[in-house]
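# Secondary and tertiary structure notes
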There are 2 protein chains.
Amino acid sequence: MVRGIGDDCAIYRPRAGEELLFTTDQMIEDVHFTRAQTAASIGERALARSLSDIAAMGGEPRFCLVALAASDTRWIEDFYRGLLPLAKRTGAAVAGGDLARAEKYHCDVMVCGSAPRGKALRRDGARVGDSIFVSGRLGKLWDRRIQPRLALGQNLRGLATSCIDLSDGLSLDLHRLCVESGVAAEIDRVPVTRGSTEDRALHGGEDYELLFTMPEGAAAPRGVTRIGRVVRGVTGEIHFQGRLLEPRGYDHFRKQS
Amino acid sequence: MVRGIGDDCAIYRPRAGEELLFTTDQMIEDVHFTRAQTAASIGERALARSLSDIAAMGGEPRFCLVALAASDTRWIEDFYRGLLPLAKRTGAAVAGGDLARAEKYHCDVMVCGSAPRGKALRRDGARVGDSIFVSGRLGKLWDRRIQPRLALGQNLRGLATSCIDLSDGLSLDLHRLCVESGVAAEIDRVPVTRGSTEDRALHGGEDYELLFTMPEGAAAPRGVTRIGRVVRGVTGEIHFQGRLLEPRGYDHFRKQS
């Protein structure tokens, strides 16, 4: 940053050959969290959710802006005690934001990431015949810490044909990827978190793993699971073990980005 | 934009020689607005407030991200009916965002602007002897439409030594500019909106005019008023017609950007 907090705007000087990635995600009291949870865990999670979007595009975090509405100054300090270490560890320095007093707590974290020009991973590149992979195991419980898959996303640049992060459930997010790519998918299996269920792994949200496609036969990174393949068919339609899988993950109205 | 809505992130390809400006502002139900106001007026205002920060840096809007929490789909459509024409008119295309269902309505608009490298106006360049100016008249009522001073801000690049937008009141915003620049100020007069009061013009917020400094004797743009000058003194201290002026505009806690 040329200039962060202390002016009307933060100033960022782009580097030669970089393309910038932008995402923003809200965490709303009594929708995404309650005050029974620690403020630090909410602060960390608020940033981690946006970092996961940067990971899904193969980006490197550059900075973030934090818009926060709250009233308890101690809570606000704790919120930042959770957010700041993750910001530092991932290179997403807090460059500014907006702080307002409100009774209903709310935060919105915008993250800017960077990728070499034309190299960002997108949802619209899956091709018929590609293999479909996920990182980690799915069906996580809400209170699991999010580990944004930044290194994996960066490693997939130039390898994956498409990528999306699993925030609203495999069935819905894979549906979205297929719609953007104009393809269909067949899933054979899904890696389930210990103690969770296959149904939750298929439809539960908040996993924050990466779902991506690669050409058949290409060597996949370690630690990922091949779950199926991209097929010709009705755009967006997914079959799981031979049966039609309805996209029924989480959707407030529709998800914009 | 290379890619807007429809992926995990929006993608922006920086142009050669540009520096990017980022600002974000919240509008919160029962803090900044009520549902008695039209959703369209709130949508327009939400974007206009952030555009005013871009204006204060001399920037040209490039795109915006809109994070919105609401539950009534008709209200949401009306909100965008207010926001989108202003976005189009100013070049701040909606590139993405986040939409969530919530009972307490809330929006946060992030705007990215652009300025030639090293040319963005800042708060920290005021020098002893500079003249202090404001655009328009101050003490506006809340329901006045905001006209972000984008053209003026761009015209001030290379002319003004410092600039800030008046969002929280002249006394507080001038105090901030003086603190960042390490100077003091003397104010002789303030242009008051018809029907308003001098007290409101000095301390009321939500004017969204530009406050800026220029070297003494430099030709100021048309339509602005010279209100005083930058002086040596206790950093941040302001005198109005010979008396100390306390910064008592609006401050939720402290304002970050």
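Being a predicted model, the structure only gives us computed values, none of them experimental. Think of each chain on its own: its residues are numbered from 1, step by step along the sequence as written. Here every chain gets a letter starting at A, and every ligand a number starting at 1, in the order they are written. Note on the predicted model: pLDDT of at least 70 is required for a residue's local features to be given, and 80 or more for side-chain atom pairs to be given and counted; whole-chain, interface and lining totals, by contrast, use all residues. Calculated side-chain values reflect all of the structure's heavy atoms, with hydrogen atoms and water omitted.

## Considering the sheet that holds strand β12 (residues 243–245) of chain A
Pairing between the strands of a sheet is mediated by backbone hydrogen bonds and can be parallel or antiparallel. Residues and elements named next belong to chain A. At least two bridges found by DSSP between two strands are what make those strands a pair. Under the DSSP-based scheme used, a helix requires at least four consecutive residues in state H or I and a strand at least two consecutive residues in state E, with every element numbered from the N terminus. The strand order β7-β9-β6-β10-β8-β11-β12 describes an open sheet built from seven strands, whose pairing is mixed. Every other strand in the sheet has two partners, leaving β7 (162–165) and β12 as the edge strands with one partner each. Neighbouring strand axes in the sheet, compared pairwise and without regard to direction, differ in orientation by 30° on average. Where β7 lies against strand β9 (residues 210–214), four bridges are found, and the strand directions are antiparallel. Directly across from I164, in β9, lies its bridge partner L211. Sitting on the sheet, helix α1 (residues 39–56) touches β7 and β9, and the angle it makes with β7 is about 175°. Any two residues whose heavy atoms approach within 4.5 Å are treated as being in contact. Note on geometry: axes are lines fitted to C-alpha atoms, helical ones only across the stretch in contact, with angles between N-to-C directions running from 0 to 180 degrees. Its contacts with the sheet place helix α4 (residues 170–181) against β6 (131–135), β7, β8 (184–187), β9, β10 (224–231), β11 (238–240) and β12, and it is angled at close to 145° to β7.

## Focus on the relation of the copies chain B and chain A
Each of the two copies of the chain can be brought onto the other by a rotation about an axis and a shift along it. Once chain B has been moved 0.0 Å along the axis and rotated by 180°, it coincides with chain A to within an RMSD of 0.0 Å. The operation mapping one copy onto its partner corresponds to a two-fold rotation axis. Looking at the rotation axis and the C-alpha trace of chain B, the residue lying nearest is P14(B), at 3.3 Å. Looking at the interface residues of chain B, 100% of them are also at the interface in chain A, so both copies use one shared face. Least squares is the method used to superpose the copies, on C-alpha atoms of residues holding a pLDDT of at least 70 in both.

## Looking at unusual backbone geometry
The backbone of Y208(A) shows a phi angle near 55°, a positive value even though the residue is not glycine. Relative to the helices and strands, Y208(A) resides in the loop between α5 (198–203) and β9.

## Examining the confidence of the model for chain A
The score called pLDDT rates the predictor's confidence residue by residue, from a low of 0 to a high of 100. In this model, chain A carries a mean pLDDT of 94, and residues with pLDDT of at least 70 account for 96%. Predicted as a complex, the structure gets a pTM of 0.93 and an ipTM equal to 0.92.

## Thoughts on the pattern of salt bridges
All names here are of chain A. Any carboxyl oxygen of Asp or Glu within 4 Å of a side-chain nitrogen of Lys or Arg constitutes a salt bridge here. The full count for this structure, using the stated rule, is 38 salt bridges over all chains. We note a salt bridge from D168 to R176, for which the minimum N-O separation is 2.9 Å. The pair D168 / R176 is uniform in exposure class, with both members buried. Residues joined in a network through salt bridges with shared partners are E18, E60, R62 and R157. Any residue under 20% of the maximum accessible area for its type is buried, any over 50% is exposed, and the rest in between are partly exposed; the area is computed with a 1.4 Å probe on protein chains only.

## Focus on the interface of chain B and chain A
Counting residues at the interface gives 65 residues for chain B and 65 residues for chain A. Run the count over chain B and chain A and you get six salt bridges. Put simply, R13(A) and E19(B) hold a salt bridge, and the shortest N to O gap is 2.5 Å. N or O atoms within 3.5 Å of each other form a polar contact, as long as, within protein, one can give a hydrogen and the other can take it, and as long as residues adjacent in sequence are counted only when both atoms are side-chain atoms. Counting across the chain B and chain A interface gives 21 residue pairs in polar contact (both at pLDDT 80 or more). Among the elements of the structure, β1 (10–12), β2 (18–28), α1 (39–56), β3 (60–70), α2 (73–90), β4 (93–101), β5 (106–116) and β7 (162–165) of chain B are those that each provide at least two residues to the side of chain B that touches chain A. At ten residues, β2(B) tops the list of elements feeding residues into the side of chain B that touches chain A.

## Comments concerning helix α4 (residues 170–181) of chain B
Residues and elements named next belong to chain B. Given a rise of 1.5 Å per residue, twelve residues ought to cover 16 Å, and the 16 Å separating the end C-alpha atoms of α4 matches this to within 8%. Taken across its twelve residues, α4 has nine buried, putting it largely inside the fold. For α4, the set of buried residues is L170, S171, L172, D173, L174, R176, L177, C178 and S181. Directly beyond the C-terminal end of α4, a positive phi value near 70° is found at G182. In this analysis, the expected span of each helix is defined as 1.5 Å times one less than the number of residues it contains.

## Points about the packing of aromatic side chains
Within a pair of aromatic rings, the relevant descriptors are the distance that separates the centres and the angle that separates the planes. All names here are of chain A. Here is the rule: rings of Phe, Tyr and Trp (six-membered ring for Trp) pair when centre to centre is within 6.5 Å. Planes less than 30 degrees apart are stacked, more than 60 are edge-to-face, and the remainder are tilted. In total, this model carries 15 aromatic pairs over all chains according to the counting rule given. Considering the side-chain rings of Y12 and F63, the 5.5 Å spacing of their centres and the 40° angle between planes classify their relative orientation as tilted. Separated by 51 residues along the polypeptide, Y12 in strand β1 (residues 10–12) and F63 in strand β3 (residues 60–70) bring together distant segments of the chain. For Y12, a relative accessible area of 4% translates into the label buried. We classify F63 as buried; its relative accessible area is 0%. Taken together, a centroid distance of 5.6 Å and an interplanar angle of 25° make the contact between W75 and F79 stacked. Of this pair, W75 and F79 are both found in helix α2 (residues 73–90), four residues apart, which corresponds to roughly one turn of the helix. Like W75, the residue F79 is buried in the burial classification.

## Quick look at the packing of α1(A) against α2(A)
All names here are of chain A. Remark: α1 packs on α2, axes separated minimally by 6 Å, with the N-to-C direction vectors making an angle of 40°. The angle between the axes of α1 and α2 places the two elements in the oblique class. Every pair of crossing elements has a handedness; the one defined by α1 and α2 is right-handed. For the pair formed by α1 and α2, the contact residues are A39, A40, I42, G43, E44, A46, L47, A48 and L51 on the first element and W75, D78, F79, G82, L83, L86, A87 and T90 on the second. By the convention adopted, Pro, Cys, Tyr, Trp, Phe, Met, Ile, Leu, Val and Ala count as nonpolar, Lys, Arg, Asp and Glu as charged, and the other residues, Gly among them, as polar. Across the contact of α1 with α2, the residue classes break down as twelve nonpolar, three polar and two charged. Throughout this description, any angle smaller than 35 degrees is read as roughly parallel, any larger than 145 degrees as roughly antiparallel, any in the 65 to 115 degree range as roughly perpendicular, and the remainder as oblique. Should the near helix be turned counterclockwise from the far one by less than a right angle, the crossing is left-handed, whereas a clockwise turn marks it as right-handed.

## Thoughts on the sheet that holds β3(B)
Taken together, the five strands give an open sheet; going across it, the order is β1(A)-β2(B)-β5(B)-β3(B)-β4(B), and neighbouring strands pair in mixed fashion. Every interior strand has two partners, whereas the edge strands, β1 of chain A together with β4 of chain B, have only one. The average undirected angle you get between the axes of adjacent strands in this sheet is 20°. As paired strands, β1(A) and β2(B) are joined by three bridges and run antiparallel to one another. Residue pairing for β2(B): Y12(A) is matched across the bridge by L20(B). α1(B) contacts β2, β3 and β5 of chain B of the sheet and is inclined by roughly 140° relative to β2(B). Along the sheet, α2(B) makes contact with β3, β4 and β5 of chain B, crossing β3(B) at roughly 175°.

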